[in-house]
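Structural overview for review
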Amino acid sequence: MNRQINEQLQIFCLSPHDITETERAAVRLRLDEDLKVPLQNVLSENVMEPPDSSLTGSESADSSIGDVDDLPVPQQIRISNITCDSFKISWDMDSTGRERITHYFIDLNKKENKNSNKFKHKDVPTKLVAKAVPLPMKVRGHWFLSPRTEYTVAVQTAAKQPDGGYGVSRWSEIIEFCTADYSTVHLNQLLHKAEAIAGRMLPFTVFYRNQQQEYFQQASPSYRSRDAQCHRMLPAVKDNSGSHGSPISGKLEGVFFSCNTEFNTGKPPQDSPYGPYRFQIQADILFNHNTNIYFGDFYCMYTSYHYVILVLAPDGSKGDVFCKGRLPALDRSNNCFLSCTEEDDGLLSFRHAQDVILEVIYTEPVDLSSGMVTQISGHQLMSQSTLNAKKDPSCKICNISVGR
């Protein structure tokens, strides 16, 4: 590879802080013409190989950028200010040779696939090249950082040579860290997207929950969300369905309910993916003036159906404490998804959004005697189950510009 192509590759691999996407696209076109092969092949074979995970700070990894130099090796790597798509990184290093440093090379890999996955998304190397700036340095990018994901990171110092190449230090030690959940800022972005497609509000009167028959009839190790006496449905930890960055997945405990109704009958549908037996409870028992409502998530599963997760938490309950500060709170009587309003006669009326499927998490135990169990006449549509369902990362309706 001649010097001109090598320089263009170095420019292409600069971090977004140092090169705009327009400039990167222009470099890509020149490279495609000069190389006569796909750029991704060249990047994966010739540029910025990540260090072997077995190397320590005193060992070195091969680098196609330049020869190993006597530049100071980063030590005591520190990661701070972690969000779902950014972090700050700093380290210590000897003063000898520090004045020669012009760039930092940061190698970032998902922990579960750190040796083979060199590209987080197409054509994006895991090696980040940044100009030597005062530490700590912020690393940000939703195209290579995902929320709630474990990463490994290692650092080299580099000095740009007169011929355009780089002299590099040995690799630092490899350390691990995990990115954070969505913040309320990100959740509010999801909320606004969900509000845009929620549609008109339809009346309903009951919440319902479908399960297999034995769930309602006997204690079983298969149903840890039931108590031994079969009197109550107990909160269980939410699974990992929905947005990868949702702060409720794997953390919030609750009992799942539905409330959507059929447009033509105004009643719950007769089909369910979760079982042929249905527990129904009057809406005002779970949702009333003493209940707070929170927005939890917005997602789809590679279909046209979109799901909104809402949390109902009695005021001051353990679930309510968990949600405060983590989830956007909704106005109980005036929101686009699930409302509870008091009529002139003092009775409560309830409405749900027509154009999204609501998944309602009630954070407290629910006594079976407070409702009734009946068998539905429809089919068990397993394909519609959202159990541990993965969100479609390509959907423009329900994704935001951070990790999916």
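Below: a short report on this structure. These figures come from a predicted structure and were not determined experimentally. (Residues numbered from 1 in each chain as written. Predicted model: local features only at pLDDT ≥ 70, side-chain atom pairs only at ≥ 80, totals over all residues. Heavy atoms only, no water.)

**With respect to the side chain of Asp181**
Cut-off, in case you're wondering: Under the DSSP-based scheme used, a helix requires at least four consecutive residues in state H or I and a strand at least two consecutive residues in state E, with every element numbered from the N terminus. Between N or O atoms, a polar contact is any pair within 3.5 Å; within protein, one atom must be a potential hydrogen donor and the other a potential acceptor, and residues adjacent in sequence are included only when both atoms are from side chains. Contacts are assigned to residue pairs with any non-hydrogen atoms lying within 4.5 Å of each other.
Tracing the backbone shows Asp181 in the loop between strand S8 (175-178) and helix H4 (184-197). For Asp181, the side chain forms a polar contact with the side chain of Arg148, separated by 2.5 Å. A polar contact of 2.8 Å, which involves the side chain of Asp181, links it to the side chain of Lys251. When sequence neighbours within four positions are dropped, the list of residues in contact with Asp181 reads Cys84, Arg148, Gly245, Ser246, Pro247 and Lys251.

**Comments concerning the sheet that holds strand S19 (residues 348-353)**
Our working definition: For two strands to be treated as a pair, DSSP must find at least two bridges joining them. To obtain an axis, a line is fitted to C-alpha atoms, over the contacting stretch when the element is a helix, and the angle between two such axes runs from 0 to 180 degrees between their N-to-C directions.
Spatially, S9-S19-S18 is the arrangement adopted by the three strands of the open sheet, whose pairing is antiparallel. Sheet topology places strand S9 (201-204) and strand S18 (338-342) at the edges, where each strand pairs with a single neighbour. Taking the axes of each pair of neighbouring strands and ignoring which way they run, one obtains an average angle of 35° across the sheet. Relative to S19, S18 runs antiparallel, the two sharing five bridges. Residue Leu338 lies in a different strand from S19, and its bridge partner there is His352.

**Quick look at the nonpolar core**
Grouped burial of nonpolar side chains is what soluble globular proteins tend to show. Condition: We define the nonpolar core as a collection of buried residues of types Ala, Val, Leu, Ile, Met, Phe, Trp, Tyr and Cys that are connected through side-chain atoms lying within 4.5 Å of one another. Categorising residues by exposure relies on relative accessible area from a 1.4 Å probe, with only protein chains included: less than 20% of the type maximum marks a residue as buried, more than 50% marks it as exposed, and the intermediate range marks it as partly exposed.
Core analysis: the largest hydrophobic core is formed by 58 residues, its most contacted members being Phe207, Phe257, Phe295, Phe337 and Leu338. The contact partners of Phe207, leaving out residues within four places of it in the chain, are Phe257, Ser258, Cys259, Phe279, Gln280, Ile281, Ala283, Leu286, Phe287, Leu312, Leu338 and Val360. Counting 22 residues, the second-largest nonpolar core is a separate cluster that includes Ile77, Ile101, Met137 and Ile175.

**Description of unusual backbone geometry**
Residues Leu135 and Pro136 are joined by a peptide bond in cis, for which omega reads 0°. With respect to the helices and strands, the residue Pro136 is situated in the loop between strand S4 (127-131) and strand S5 (137-140). Of note in this structure, Tyr302 is not a glycine but carries a positive phi near 60°. Assignment of secondary structure puts Tyr302 in the loop between strand S15 (291-300) and strand S16 (306-314).

**Topic: the packing of aromatic side chains**
The description of an aromatic ring pair uses the distance of the two centres, along with the angle that the planes make with each other. Put simply, the test is: Only the six-membered ring of Trp is used, alongside the rings of Phe and Tyr, when aromatic pairs are assigned; centres must lie within 6.5 Å, and planes under 30 degrees apart are stacked while those over 60 apart are edge-to-face, with the rest tilted. Throughout this description, the term charge over a ring refers to an Arg CZ or Lys NZ atom that lies within 6 Å of the ring centre and within 35 degrees of the ring normal.
Evaluation of the coordinates by the stated rule reveals eleven aromatic pairs. Relative to Tyr166, the ring of Phe105 lies with its centre 5.4 Å away and its plane at 65°, an arrangement referred to as edge-to-face. In this pair, Phe105 is assigned in strand S3 (residues 103-110) and Tyr166 in strand S7 (residues 166-168), connecting sequence segments 61 residues apart. Tyr166 matches Phe105 in its accessibility class, with the two residues each being buried. With 6.1 Å between their ring centres and 40° between their planes, Phe287 and Phe350 make a pair best called tilted. Within this pair, whereas Phe287 is found in the loop between helix H6 (283-286) and S15, its partner Phe350 is found in strand S19, the two being separated by 63 residues in sequence. One aromatic cluster is present, built from ring pairs that chain together Phe204, Phe207, Phe287 and Phe350. Arg326 extends its terminal NZ or CZ atom over the ring of Phe322, reaching a point 4.2 Å from the ring centre.

**Some details on the pairing of strand S14 (residues 277-282)**
The sheet contact formed by strand S10 (residues 206-211) and S14 spans six bridges and is antiparallel. Bridged to Arg209 within S14 is Phe279. Across four bridges, S14 lies against strand S22 (residues 372-375) in antiparallel orientation. Residue Tyr277 lies in a different strand from S22, and its bridge partner there is Gln375.

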